[in-house]
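Analysis of the macromolecular model
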Amino acid sequence: GYGWPKGIIGLIAGELADIFHKPAIVFSAYGDILCGSARSVPDISIIDIMRECQRFFLKWGGHSAAAGMLMPLKYFNDFKRVITGIVAERIACCRPEKRLAVAAVIEPEDITEKLLEDIGLFAPYGRGFERPLFMMKNIKVTGKEIIGRDIGVKLSCEKNGRKFKCLGWKARKFPDIKKSDQADIFFSPARDFDGGILLNLEYYAALSGSGVKTSAA
C-alpha cells in the first residue's frame with residue numbers, strides 16, 4: 001500500500017499469516033522507502049529469515065514471531081525473489097502446523113442451554129480474550145456451501161442423531177472437505193438468529209489427516 005498507517009500493516013500481516021498459515025510481510029510505501037511489518041507462524045522464525053535478507057534493509061529488528069524493516073523501494077523485486085525462496089525452503093523442511101488452544105473435547109449432548117449460559121457469563125469477548133474453543137471428533141459432514149467468493153463456509157453436520165449448523169468466516173483458511181466426510185471440528189457454540197444453536201467454526205479437518213495440534217486452554 002501507499003501511506004498506510006504503520007500500525008495497520010502489522011495487523012494485516014498477522015491476518016494473512018493466520019489465513020494462509022505461512023509467514024507474511026506487508027509493506028507501505030513512503031516515497032522511495034518501504035516500511036514493512038512481518039508476522040510468522042509457529043516453527044518458523046521470521047527474525048532468522050530477516051537476518052538472511054539484511055543486505056536489503058536500511059534498518060530492521062524483531063523476534064521469532066514478528067519483525068519490522070525499512071527498505072529502499074528499488075530493492076523490492078530482488079528482496080521478493082530471495083525471501084520467497086527462503087520461506088519455501090523453511091516450509092519444506094518444517095511443515096507448519098496449525099495450533100489451537102481447546103477448552104475441552106465435547107460430544108453433541110454437551111452442547112446445551114447451560115453451556116451457552118456459562119459462556120455468556122464471561123462476555124464481552126474480543127481480541128486477546130476470545131470465546132472458548134471446543135473440539136468435537138468424528139462428526140459427519142452432510143452438506144457444504146461456500147458463501148460469496150471468500151466470505152465464509154457453511155457446513156451441515158451430524159453426530160449421534162443430532163444435527164448442527166456450522167459457520168466459518170474466511171473460507172480460504174479452511175481445508176477442502178466433502179459431503180459425507182468424517183471430520184474433527186473446532187468451534188465456539190452460540191445462539192443462532194432463529195433461536196437454535198450455531199457452531200462458529202475456527203477450523204475443521206477431515207480425518208484423513210488434520211495437520212492440527214491442540215492444547216488444553
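What comes next concerns the included structure.

The rules behind each value
- Residues numbered from 1 in each chain as written.
- Predicted model: local features only at pLDDT ≥ 70, side-chain atom pairs only at ≥ 80, totals over all residues.
- Heavy atoms only, no water.
- Helix = DSSP H or I, 4+ residues; strand = E, 2+ residues; numbered from the N terminus.
- Buried < 20%, exposed > 50% of the residue type's maximum accessible area, 1.4 Å probe, protein only.
- Phe/Tyr/Trp six-rings, centres within 6.5 Å; stacked < 30°, edge-to-face > 60°.
- Polar contact = N/O pair within 3.5 Å; in protein donor to acceptor, adjacent residues only side chain to side chain.

1. As for unusual backbone geometry
Cis geometry is found at the peptide bond from Ala-123 to Pro-124, where omega equals 5°. Take Pro-124: it is sitting in the loop between helix 4 (113–120) and strand 7 (134–147). Look at Asn-160: it is not a glycine, yet its phi comes out positive at around 55°. Of note, Asn-160 is situated in the loop between strand 8 (152–159) and strand 9 (162–169). Residue Asn-160 is classed as exposed on the basis of its relative accessible area of 56%. Not every positive phi belongs to a glycine, and Ser-180 is a case in point at roughly 85°.

2. Thoughts on the packing of aromatic side chains
The description of an aromatic ring pair uses the distance of the two centres, along with the angle that the planes make with each other. The tally for this structure, following the rule as stated, stands at seven aromatic pairs. Summarising the aromatic geometry, the rings of Phe-56 and Phe-79 are spaced 5.9 Å apart at their centres and angled 75° between planes, so their arrangement reads as edge-to-face. Of this pair, Phe-56 sits in the loop between helix 2 (46–52) and strand 3 (59–62) while Phe-79 sits in helix 3 (residues 76–93), placing them 23 residues apart in sequence. Judged by its relative accessible area of 2%, Phe-79 falls in the buried class.

3. Describing the side chain of Ser-28
With respect to the helices and strands, Ser-28 occurs in strand 1 (residues 24–30). Polar side-chain contacts of Ser-28 include one of 2.7 Å to the backbone nitrogen of Trp-4.

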